[in-house]
Structure formats: structure tokens, C-alpha cells
Amino acid sequence: MKDSFWGMTIITLGLIAIAAIFFFQDVTNTSEQNYTVLREVTEAAMYDAVDVTAYKTTGVIRINREKFVENFVRRFSESVSLNNTYKIEIYDISETPPKVSLKVSTKLSTQSLKDLGNSETITFDISNRLDAILEVPY
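Note that residues are indexed from 1 along each chain, following the sequence as it is written. This being a predicted model, a pLDDT of at least 70 is required before a residue's local features are given, and a value of 80 or more before pairs of side-chain atoms are given or counted; all residues contribute to the totals for chains, interfaces and linings. In computing side-chain values, all of the structure's heavy atoms are included and hydrogens and water are not.

Description of the overall build of the protein
Heads up, the rule is: Secondary structure is summarised from DSSP: a helix means a run of H or I of at least four residues, a strand means a run of E of at least two, and numbering begins at the N terminus for each. Each residue's exposure class comes from its accessible area (1.4 Å probe, protein chains only) as a fraction of the maximum for that residue type: buried when under 20%, exposed when over 50%, partly exposed otherwise. Note on definitions: a residue-residue contact is assigned when non-hydrogen atoms from the two residues lie within 4.5 Å. Throughout, the Shrake-Rupley method with a 1.4 Å probe supplies accessible areas, and for residues the shown protein chains are the sole cover considered.
For the protein, the count of helices and strands is three helices and three strands. Secondary structure elements of the protein occur, N-terminal to C-terminal, as α-α-α-β-β-β. Residues classed as buried in the protein amount to 25% of the 138 residues present. Taking contacts inside the protein between residues at least 6 apart in sequence as the whole, the part at least 24 apart equals 56%. When the accessible surface of the protein is summed, it comes to about 9900 Å², and 58% of that surface belongs to carbon and sulfur atoms.

Considering the side chain of Asn-71
In this fold, Asn-71 is placed in helix 3 (residues 65-79). Ignoring sequence-local partners within four residues, the contact set of Asn-71 consists of Ala-45, Asp-48 and Ala-49.

Comments concerning the environment of Tyr-55
Topologically, Tyr-55 is positioned in helix 2 (residues 52-58). Sequence-distant contacts of Tyr-55, defined by excluding residues within four places in its chain, comprise Val-60 and Ile-61.

So, the nonpolar core
Burial of nonpolar side chains together is a common tendency in soluble globular proteins. Under the convention used in this document: Only buried residues count toward a nonpolar core, which is a set of Ala, Val, Leu, Ile, Met, Phe, Trp, Tyr and Cys residues joined through side-chain atoms within 4.5 Å.
Residues Phe-68, Phe-72 and Phe-76 are the most contacted members of the largest nonpolar core, which totals 18 residues. Contributing elements (two or more residues each) for this core: helix 1 (2-48), helix 3, strand 2 (99-113) and strand 3 (119-133). If you tally residues by element for this core, the top one is helix 1, at five residues. Not counting residues within four places of it along the chain, the set of residues in contact with Phe-72 comprises Leu-38, Val-41, Thr-42, Ala-45, Ile-88, Leu-102 and Val-104.

As far as function goes, none of this settles anything; it's purely spatial.
Here's what the structure looks like:
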């Protein structure tokens, strides 16, 4: 009886440890992936939004606001996972010099075991903010 109790205790502690590892890995991966996608998509959308005719006529590098927003939303929606809901907030777009300030937030929900029979859903926000300035070598 004593040996079987120790065996069940070790198995239970192992399952709790595995559940904790999966929980923290999911949170960490979601935040890191969101930031990487945000950074890469912002840079690509800024390059796509460069106004070439203004550069050819005046020599000043500027971006088109509408084109940036369109490209950013399209690229971001193609790059993220479909099982999360994202909220994109664009705070500032400066055309000259090209500068963008934006924030992407998502709600992450996960199941945690409260008791052996009951489960509890934990929901929290992950938000990433980015301020980007387009630098072009001469």
C-alpha cells in the first residue's frame, strides 16, 4: 500500500509539472511570435508604402498612410495563427520622416486543472508595442 501511494504521488506530480510547462511555453511562444511578426510586417509594409513618385520629384523619402495600413493589415493577417483574436491599434503614422507607432494585443485563454474533475479557464492579454522609423541608406 505504501509503495503504490508513492507511485501515484510521483505520477500526479509529473502530470502537474507537464501541465505547467505547457502553460508557460504557450504564453512565451505567443508573445515572442507576436513581436517577431509585428516587427517584420511593419518593416515590410513601410517599404511597400514608400511614395516613389515623391522621391523621384523631390528626393524626400515619405510613405503613404493608406497604403501602409492596407499592407500592414494584409501581411499581418497572413502571418498570424487563426486560433487567436488580435486587436491592432495604430497610434501615429508620420509620412515625413517615415515613422509608425502601433500596438497589437491578443487575448490568450488556457485551461487549468482546479480539481481532478473541474477545470478553470484563465484569460489574459498579451500586448506588444512597436515604434518604427524607416532608415534608408543613401
